[in-house]
Amino acid sequence: MDSLLNTYNSLKAARAPWEGWWDTLRRYVLPARQDHDSPVADASSFTALGDTTAVEACQKLASGHMSYITPGHEIWFKWSCADPEAGDEAESWYNRCSEIAFAELARSNFYTELHECFLDRVGLGTGSLFCGSSRSGGLLFRHVACGQFVCAEDDEGSLDTYMREFTLTPHQAETQFGRKALGPHARGMLENGADPHTGSLRFLHVVRPRRNRNRKRGDARNMPFESLYYSLDDNLVVEEGGYREMPYMVTRFLRWGAGAYGLAPARLVYPDIRQAQFLNRILDMLGEVAAFPRILELANQSGEVDLRAGGRTLINPESASLGFPREWATSGRYDVGMDRLRQKQDAINRAFFVPMLELWSEQSRQMSAAEVYARENERVMLFSPSFTLFASDFRPLMERVFALLFRMGRFPQPPSTVLRKNARGEAEVPEPQVVYQGRIAMVMRRLQAEGMQRTLQRLQSLAALEPAVADHVDLDRAFRLSARMDGVPEEILRAESSVKRLRRRREADAAALTLAQQQNQPQPNQQV
C-alpha cells in the first residue's frame, strides 16, 4: 500500500498550487464553502464581504446551467446511435431509452447534487460528481467538493485516476463496510461504549485502471477500474472491488494548460472583484458621512453642540461670525465612485455570462424574435468553449448512466440493428452518442437547423424550374432529423417501417380507385 499512498501524496502535491486560489475564490465567490468541516456556514464569511456581485453572478450562472443546460422540467439530452447506418429503428430505441433515463434521473437525487457540482464548476473552475446505484436499486449521485479529491488523466486527456479523502462516523463505517472489515482503531470506537454517531474515521477511496485482470471474468475484481477503500487511521484496505466505468466525473469551466483542474471565470476578473470590494466600502463611508456629517467646532464649543434630532445649540456672536459649528470634509464625489463601481460590476457580470442569461428574462419580451435570436447567437457563442468542455467532461457520466440503467433492466429489449459484436465475438450494445437539447445547446445547433431550412427553401425554388433537383435530398430523413433536433418526443414519430406500410396501403388504395374508375368508364364502341 505504500505505492498507493505515494501516488496520493504526489497528486496532492500537484494540486497544491490550486488550493490557494480555491481558498481565495471561496472568500469572494462561494463564502458558504470556506469551512469544509462545518455543516453550517459561518456568518462572518458573509459579513466580511463589501460587495456581493461575484457571489450573485456565480449563483446566477450555476442556476443558468440548471435551467438552460440540464433543466429538470424538460428532456435536455438524447442518446443517439453511434452508427449512422443502423437505421431509424436503432435511433428510435436510443431515443426511447433517453426518455426512460430522464424519468430515472428525476426520481433520484441527481439535480440536487448536480447544482452543488455546478456551483464548484462556476465558482472554483472544477466540479465533481459520483454516479452509482443505491441500495433500493435506483441511481445515486454524490457531489464531491472541490479540494477534497485529486485526479489524473491518461494520454488522451480522459479521467482515469481519482482519489477522494473523506470521513465517516463509526456507525456509517460499520454500515458501509461491516465491522469485520474495519481495523482495530475503528472497531475500538464501536466497542468502547461511546456514541457511534460521534467521532470521525478517515478513509481514502481510490479508483484507477486495473493493471492485471482476467477479461473473461466479469466479477468486481476483474473489472476495468479498480476500487479500493483504504483506512487512513488503521492503514489497511477495508474493501476492494471494481467498476465497469469510471464512476466519478470531473468537469472544468475552462481548461488551464495541461492540468486536470479548471479555470474559474472569477480568476479572469479577480482584480475587479477586489476593487469592487474596496469601492463599495468607500461608498458606504461616503453615504455614512453624508447622513452623519463631520462637525468642525471651536475648542470652547466642545460638548456644547447638540447633534440629536431636533437638538438646539446656543452659540455666541463671535462663533456665529466665524461660521462655527459647521460640516467639514463632506464633499466626496459619490457619483464618480458609483460609476467606477458599475464598471467593475459589469466586468464581473460579463465574466460570469450574466448578460447572456438576462436575454431569457422578462426583458426579452420587449424585443422582436429576430433581435432575440441575433443576440442569442452572439452571446451564446462566447459561452461555446465552456459548453463544449462541459459536453466532453460530462460524456463519461452519461455513458455510465446508460450502462447502469441497461444492466438494471430499465430499458426495453434492443432491436437487432443496435447490437454489435465485440472483440470476443459476443453481441453487445455499443455506447451511444450524447446529444444535448437544453436551451444553450439548441441555440448552438440553430445555425445547423437554419442552414437546413435555407437549403430546403432554395430546393423548393429550384424544383419549380427543374423537379429532378429534389432527388439530391432525402426529405424523409431531413424531416426526422429536424424533428429530433427540436426535441420532439419519440412516441409521436412513426417508425420508418410503419411509414412504409402506410404509403404502400395508400398506393394500393389509389391503384384500386384508378382501376375502378377505368372499369366504370364506357368503351369507345359501347353504346350508352
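Our subject in this report is the structure included herewith. (Residues numbered from 1 in each chain as written. Predicted model: local features only at pLDDT ≥ 70, side-chain atom pairs only at ≥ 80, totals over all residues. Heavy atoms only, no water.)

## As for the overall build of the protein
And step 1. Check the secondary structure of the protein and you find 16 helices and 14 strands.
And step 2. For 528 residues, the compact-globule formula gives about 24 Å, and the C-alpha radius of gyration of the protein, at 33 Å, lies well above that figure.
And step 3. Expressed as lengths along the three principal axes of its C-alpha atoms, the size of the protein is roughly 135 × 80 × 40 Å.
And step 4. For the protein, the proportion of its 528 residues judged to be buried stands at 41%.
And step 5. Considering the protein, the positive charge centre built from 65 side chains and the negative charge centre built from 67 side chains are found 4 Å apart. (Helix = DSSP H or I, 4+ residues; strand = E, 2+ residues; numbered from the N terminus. Rg over C-alpha atoms; globule rule 2.2 N^0.38 Å. Buried < 20%, exposed > 50% of the residue type's maximum accessible area, 1.4 Å probe, protein only. Lys, Arg positive; Asp, Glu negative; His and termini not counted. Charge placed at Lys NZ, Arg CZ, Asp CG, Glu CD.)

## Focus on the sheet that holds strand S2 (residues 126–133)
By way of backbone hydrogen bonds, the strands of a sheet pair with one another, either parallel or antiparallel.
And step 1. Pairing within the open sheet is antiparallel, and its three strands lie in the order S3-S2-S9. Unpaired on one side and paired on the other, strand S3 (139–144) and strand S9 (248–252) mark the two borders of the sheet. In this sheet, adjacent strand axes meet at a mean angle of 25 degrees when their direction is disregarded.
And step 2. The pairing of S2 with S9 spans five bridges and is classified as antiparallel. Bridge pairing in S9 links Leu 129 to Met 249. (Pairing = 2+ DSSP bridges. Axes fitted to C-alpha atoms, helices over the stretch in contact; angles between N-to-C directions.)

## Notes on the packing of aromatic side chains
And step 1. A complete count under the given rule lists 36 aromatic pairs for this structure.
And step 2. Positioned above the aromatic ring of Phe 166, the side-chain terminus of Arg 164 is 4.3 Å from the ring centre.
And step 3. In this structure, Arg 326 packs its charged tip against the face of Phe 324, placed 4.3 Å from the ring centre. (Phe/Tyr/Trp six-rings, centres within 6.5 Å; stacked < 30°, edge-to-face > 60°. Lys NZ or Arg CZ within 6 Å of the ring centre and 35° of its normal.)

## Some details on the pattern of salt bridges
And step 1. The final tally for this structure, using the stated rule, is 24 salt bridges.
And step 2. With a closest N to O distance of 3.6 Å, Glu 165 and Arg 202 form a salt bridge. Note that Glu 165 is positioned in strand S5 (residues 159–168) and Arg 202 in strand S6 (residues 201–209), a separation of 37 residues in sequence.
And step 3. Residues joined by salt bridges that share partners form a network here, namely Glu 153, Arg 252, Arg 255 and Asp 393. (Salt bridge = Lys/Arg side-chain N within 4 Å of Asp/Glu carboxyl O.)

## Some points on the packing of helix H9 (residues 270–291) against helix H11 (residues 334–351)
And step 1. H11 packs onto H9 with a crossing angle of 155 degrees between their chain directions and a minimal axis gap of 9 Å. Taken together, the axis directions place H9 and H11 in an arrangement best described as roughly antiparallel. For H9 against H11, the interelement crossing comes out left-handed. On H11, the residues that touch Asp 272, Ile 273, Gln 275, Ala 276, Leu 279, Asn 280, Leu 283, Leu 286 and Gly 287 of H9 are Tyr 334, Gly 337, Met 338, Arg 340, Leu 341, Lys 344, Gln 345, Ala 347 and Ile 348. (Parallel < 35°, antiparallel > 145°, perpendicular 65-115°, else oblique. Left-handed = near helix turned anticlockwise from the far one by under 90°. Contact = heavy atoms within 4.5 Å.)

## Some points on the pairing of S2
And step 1. For S2, the buried fraction is high: seven of the eight residues fall into the buried class.
And step 2. The sheet contact formed by S2 and S3 spans six bridges and is antiparallel. Its bridge partner lying in S3, Gly 132 is registered against Leu 140.
And step 3. The turn linking S2 back onto S3 is made up of five residues, and Gly 137 within it adopts a positive phi angle of 95 degrees.

Keep in mind these values describe shape, not function.
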